[in-house]
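# Coordinates in review
The chain contents come next:
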Amino acid sequence: MRSVDIDVGGTFTDLVLTFDSRRVIAKSPTTPYDLSVCFMNVLEDGADQLGIGVEDLLPQIEVVRYSTTVAMNRLIERKGPRLGFMTTEGHEDAILIGRGAQWVDGLRIGERRNLAVQHKPTPLVTRQMIVGLRERVDSTGSILRALDEDDVRVKLRYLMDNGARSIAVCLLWSFANPTHERRVREIIREEYKGYHVGYLPVVLSHEVVAKVGEYERSMTAILDAYLQRSIKLEMEATWDQLRERGYRGSFLLTHNTGGSAEMFKTTASRTYNGGPISGLMGSYHIGRALGYKNVIASDVGGTSFDVGMVVDAGVRSYEFRPIIDRWMVGITMLQTTTMGAGGGSIASINKLLNRLEVGPHSAGAMPGPVCYDLGGTEPTVTDADVALGYISPDSYFGGRMPLNLGKAVAAIQNKIATPLGMSVDEAAAMIRNIVEENMASAIKREVHLRGYHPEDFVLFAFGGGGPTHVAGYRAEVPVAVIFPQAPVFCALGSSVMDIMHVYEVSRRMVFMEAVSEKFTTEYEGFNDAVRDMVAQAKIDLTAEGLAVESASFQLELDMLYGGQIHVKRVSSPHLYLEDPRHVEEIYAAFEAEFSAAFSPHVVNKPGGVYLENIVLKATVPTEKLALPEHPLGSPDASSARAGVRNAYWPALKARQDTPVYRFEGMQPGHRVTGPVLIDAEFTTVIVPPGQDFHIDSRGLGIMEYVATTPGAHP
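Fair warning: this is a prediction, and the values are worked out from it, not measured in the lab.

### Looking at the overall build of the protein chain
Scanning the protein chain for helices and strands turns up 17 helices and 32 strands. Computed over C-alpha atoms, the radius of gyration of the protein chain comes to 27 Å, within 12% of the 27 Å expected from 2.2 N^0.38 for 714 residues, which places it in the range of a compact globule. Put simply, the protein chain has 714 residues, and 57% of those count as buried. Summarising the internal contacts of the protein chain: among those between residues at least 6 apart in sequence, 67% fall at separations of at least 24. About 28800 Å² of surface is accessible on the protein chain, with carbon and sulfur atoms providing 52% of the total.

### Some details on helix α6 (residues 149-161)
With 13 residues, α6 should reach 18 Å at 1.5 Å per residue; the first-to-last C-alpha distance of 18 Å fits that figure. Among the residues making up α6, those that are buried are Asp 151, Val 152, Lys 155, Leu 156, Leu 159 and Met 160. Take α6 and look down its axis: the buried residues cluster within an arc of 165 degrees, on one side only. For α6, the exposed residues set more than 90 degrees away from the buried face come down to Asp 150, Val 154 and Asp 161. Buried residues along α6 sit in contact with β5 (83-88), β6 (130-133), β9 (166-170) and α7 (179-191). Positive phi shows up at Gly 163, right after α6, with a value of about 100 degrees.

### Focus on the pairing of strand β2 (residues 12-19)
Within β2, eight of the eight residues are buried, leaving the element largely enclosed by the surrounding structure. On β2, burial covers both faces: Phe 12, Asp 14, Val 16 and Thr 18 on one face and Thr 13, Leu 15, Leu 17 and Phe 19 on the other are all buried. With seven bridges connecting them, strand β1 (residues 2-8) and β2 associate as antiparallel partners. If you follow Val 4 over to β2, its bridge partner there is Leu 17. Taken together, β1 and the strand that follows it, β2, pair antiparallel across an intervening segment of three residues. The pairing of β2 with strand β3 (residues 22-29) spans eight bridges and is antiparallel.

### Let's talk about the sheet that holds strand β27 (residues 654-662)
In space, the four strands of this open sheet follow the order β26-β27-β29-β30, with mixed pairing throughout. Looking at which strands have only one partner, the edges of the open sheet turn out to be β26 (641-649) and β30 (684-687). On average, each strand axis in the sheet is inclined to that of its neighbour by 25 degrees, with strand direction left out of account. As judged from the three bridges shared by β27 and strand β29 (residues 676-679), these two strands associate in the parallel manner. Counted as the bridge partner of Val 660 is Leu 677 from β29.

### Points about the pairing of strand β21 (residues 479-482)
Alternating positions in β21 separate into two faces, Val 479 and Val 481 on one and Ala 480 and Ile 482 on the other, with burial throughout. Pairing of strand β20 (residues 458-462) with β21, which is carried by three bridges, proceeds in the parallel orientation. If you follow Val 458 over to β21, its bridge partner there is Val 479. Following the chain from β20 across helix α14 (residues 466-473) to the adjacent parallel β21, one finds a crossover that is right-handed. Alignment of β21 against strand β32 (residues 701-705), held across four bridges, turns out to be antiparallel. Across the sheet, residue Ala 480 finds its bridge partner in β32, namely Met 703.

### Some points on the sheet that holds strand β10 (residues 202-204)
As summarised here, the arrangement of the four strands in space is β6-β5-β9-β10, forming an open sheet in which the pairing is parallel. Where the open sheet ends on each side, the last strands, each with one partner, are β6 and β10. Strand-to-strand twist in this sheet, taken as the mean axis angle between neighbours without regard to direction, amounts to 20 degrees. Of the strand pairs in this sheet, β5 and β9 are connected by five bridges, and their pairing is parallel.

### Remarks on the packing of aromatic side chains
In this structure the tally under the stated criterion is 24 aromatic pairs. With a centroid separation of 5.0 Å and an interplanar angle of 80 degrees, the aromatic rings of Tyr 561 and Phe 594 are classed as edge-to-face. Here Phe 594 lies in helix α17 (residues 580-597) and Tyr 561 lies in strand β23 (residues 552-561), a separation of 33 residues in the sequence. Residue class for Tyr 561 comes out buried when judged on its relative accessible area of 0%. Residue Phe 594 is classed as buried on the basis of its relative accessible area of 1%. Clustering of aromatic rings is evident, with ring pairs tying together Phe 39, Tyr 66, Trp 239, Tyr 247, Phe 251 and Phe 264. Looking at Arg 2, its charged tip hangs above the ring of Phe 19, at a distance of 4.3 Å from the centre. The ring centre of Tyr 705 lies 3.8 Å from the NZ or CZ of Arg 474, which sits over that ring.

### Comments concerning the packing of helix α1 (residues 35-50) against helix α9 (residues 214-244)
Running from amino to carboxyl end, α1 crosses α9 at an angle of 35 degrees, the nearest separation of the two axes being 8 Å. Our pair here, α1 against α9, has a crossing hand that is right-handed. Here Leu 35, Ser 36, Phe 39, Met 40 and Leu 43 of α1 come into contact with α9, specifically with Glu 234, Ala 237, Thr 238, Gln 241 and Leu 242. Tallied by class, the residues present in the contact of α1 with α9 amount to six nonpolar, three polar and one charged.

### With respect to the packing of helix α10 (residues 274-290) against helix α15 (residues 489-496)
It is the contact of α10 with α15, at a shortest axis distance of 7 Å, that shows an interaxial angle of 65 degrees. Along this stretch, α10 crosses α15, giving a crossing that reads as left-handed. Contacts between α10 and α15 involve Gly 275, Ser 278, Gly 279, Gly 282, Ser 283, His 285 and Ile 286 on the former and, on the latter, Phe 489, Cys 490, Leu 492, Gly 493, Ser 494 and Val 496.

### A word on the confidence of the model for the protein chain
Note that predicted coordinates carrying low pLDDT should not be read in detail. The predicted model of the protein chain averages 89 in pLDDT, with 97% of residues at 70 or higher. Under a pLDDT of 50 for its full length, residues 709-714 has, in the predicted model, seven contacts with residues more than four places off or in other chains.

### A few points about the environment of Ala 618
Mapped onto the elements, Ala 618 comes out in strand β25 (residues 609-620). Expressed as a C-alpha distance, the spacing of Ala 618 and Ala 551, which sit 67 residues apart in the sequence, is 6.4 Å. Residue contacts for Ala 618: discarding those within four places in its chain leaves Ile 499, Met 500, His 501, Tyr 503, Ala 537, Leu 541, Ser 552 and Phe 553.

### Quick look at unusual backbone geometry
Put simply, Gly 674 and Pro 675 share a cis peptide bond, and its omega is 10 degrees. Structurally, Pro 675 can be placed in the loop between β28 (671-673) and β29. Although it is not a glycine, Asp 20 adopts a positive phi angle of roughly 60 degrees. By the element assignment, Asp 20 lies in the loop between β2 and β3. Take Asp 20: its relative accessible area is 44%, and that puts it in the partly exposed class. Of note in this structure, Asn 354 is not a glycine but carries a positive phi near 55 degrees. Among the secondary structure elements, Asn 354 is positioned in the loop between β18 (345-350) and β19 (355-362). Residue Asn 354 is classed as exposed on the basis of its relative accessible area of 53%.

Definitions and limits used
- Counting restarts for each chain, with residues numbered from 1 along the sequence as it is written.
- Local features are withheld for residues below a pLDDT of 70 in this predicted model, meaning they are given only at 70 or higher, and side-chain atom pairs are given and counted only at 80 or more; totals for whole chains, interfaces and linings count all residues.
- For side-chain calculations, the full set of non-hydrogen atoms in the structure is used, while hydrogens and water are omitted.
- Only runs of H or I of at least four residues qualify as helices and only runs of E of at least two qualify as strands under DSSP, and these elements are numbered from the N terminus.
- The globule rule used here is 2.2 Å times the number of residues to the 0.38 power, and the radius of gyration it is set against is calculated over C-alpha atoms.
- Only protein chains enter the accessibility calculation, which uses a 1.4 Å probe; a residue whose area is less than 20% of its type maximum is buried, one above 50% is exposed, and one in between is partly exposed.
- Note on contacts: a residue pair is in contact if any heavy atoms of the two residues lie within 4.5 Å.
- Per-residue and other accessible areas follow the Shrake-Rupley method at a 1.4 Å probe size, with only the shown protein chains counted as cover for residues.
- Expected span of a helix, by definition, is 1.5 Å for each gap between consecutive residues, and there is one gap fewer than residues.
- For this quantity, the arc is that covered by the directions from the helix axis to the C-beta atoms.
- At least two bridges found by DSSP between two strands is the condition for calling them paired.
- As a rule, the C-alpha atoms of each element are fitted with a line to give its axis, helices using only the stretch in contact, and angles between N-to-C directions run from 0 to 180 degrees.
- The path from the first strand over the helix to the second decides the hand: if it runs clockwise while the strands point away from the viewer, the crossover is right-handed.
- Stacked, tilted and edge-to-face pairs are distinguished by plane angle, under 30 degrees for stacked and over 60 for edge-to-face with tilted covering the rest, among Phe, Tyr and Trp rings (Trp via its six-membered ring) whose centres lie within 6.5 Å.
- Whether a charge sits over a ring comes down to the Lys NZ or Arg CZ being within 6 Å of the ring centre and within 35 degrees of the ring normal.
- Take the far helix as your reference; a near helix turned counterclockwise from it by less than a right angle gives a left-handed crossing, and one turned clockwise gives a right-handed crossing.
- Just so you know the grouping, Ala, Val, Leu, Ile, Met, Phe, Trp, Tyr, Cys and Pro go in nonpolar, Asp, Glu, Lys and Arg go in charged, and all remaining residues, Gly too, go in polar.
- Scored from 0 to 100, pLDDT reflects the predictor's confidence in each residue.

What follows is the structure in structure tokens.
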């Protein structure tokens, strides 16, 4: 396989370039002003490692896969166009009223506790730019009031006169009968042609979310309309660069469903959180290859810390109430947790409480930490790592980005140490301790709230800062795995992700009657919905040049018990309902997953079972990462010894000359015990006292607690 996988993060852009039997990795600083620049910079770096020019390399590449947080960044910056929103007359205020949880949607737990000071988020579309259209469709899809086309034209002109540059349309029950929404778009195209300079993007709600949930469907359409233009410009600039340099293959984007699809088949909201999803899916596929059933995926980047979970060798934990920024949406999103904690997280003193706080604000890529010497003045976690002696100022980023140790020390001294009356080493150690405790708390919440125990998992530590901080944030997790490709693991994850399209439709039906507990015999309505989705999937896969015969189709169903509100998504053992045994087996799978998620004590068979939504996953498998095993050699790692570095160890309350090893020089079987520093090209593994690090048969770094250490974790 010849592929390019690139993950654009807030601080660095990562590359995994696979060319036949060779795989090279590269990193380049992210260029927020134009993401196509950092994309091509990191690609050129990878091509140089192969000894091939980009123009000679790209015509030989079969696929380019791209994960990005463009949607997240643009939404945070609120740089979208002025929107117009069309809905059914009488429902103009629905998205402004919102749902009760809108007050705290998207806020950190600490902020939610103080509800008195919370405010609803500033709407992406103002009340002035919302109009109601004269029409009405009921829940069965029947037209109660025909669309008044003259009314549409008048209100469209009103929105345009008030500055609308993108239109979202969400009419009541449009997923049951989309005729009116489609006609509204036709009218907009009649008034504003596609070839006009003032071309007007239009997003219809039934095309982005074809299921019940008026508020969620409206917000998904609004977010797509808001983000479409900025993401389109970013992607087109990159696409044009690739085409100009000879690339003729597919350009796939990572989706928050866990799959990837062509740029031309991707809506803006589905790219949200693409990087963390790539890391989670990489953990899933690579964890399976390694034989790990339960994995915690942890990614420490420059601006954020992301956590996801693989449970029982599967990734099927979806966001119960998916939130994008501050708004609940109706799309399927894999469950991950993101917090503002990373190498660029800024340390500051809360003067009101006179205590040190780290994050969530970040120095980002520009100007970055103080030690980058690019104009940053606020001390960060990376500055603390440098000041403590953990990161070598001369070999950072492969020696291509020397760091200013003096400025890092001065910033910590002036902003943290002196005000708190402590030494620079103590202040830097406190910065690290706080950020690692925040990360550890995020892992504990994620694991415990899903009903699991950390000691039943292994921890994959990746991102540029994962190996540097994993010893401090893994807490009760007994084993941490560090990959040679850890700094670019999200890009590596996208290289093993399957190409997957997700289709959803609302289909409310009684699956099991209340009281009598009789199963449904109405198979055709269910099967017709599945057949329609399968047919659409085959059309889409064929249009992308993919082999339909190699695709697999998996059904998932949103189901709930009568009298309850908790919907559980269950993996269906059958694609179609053809006999009573199929229905019984689907129910059995639902009861098992519902019991595991909530409790066997709340199973309510007498209340009946209802089907809410049908979800189809069309998957085309891709080539997976080979992880050959090697014989274990001597535990003596002296051949990888690279010298010493003076570093401060809080457990010892002192500085000492610490052995330094080269990660690339360590062989299977090599073992070292902390305190030890292990330098890699783009990261440093910190092994503190009481912890052990060795290379396993697959060349992976394994960190464990030393059992004989008093107070060591079990």
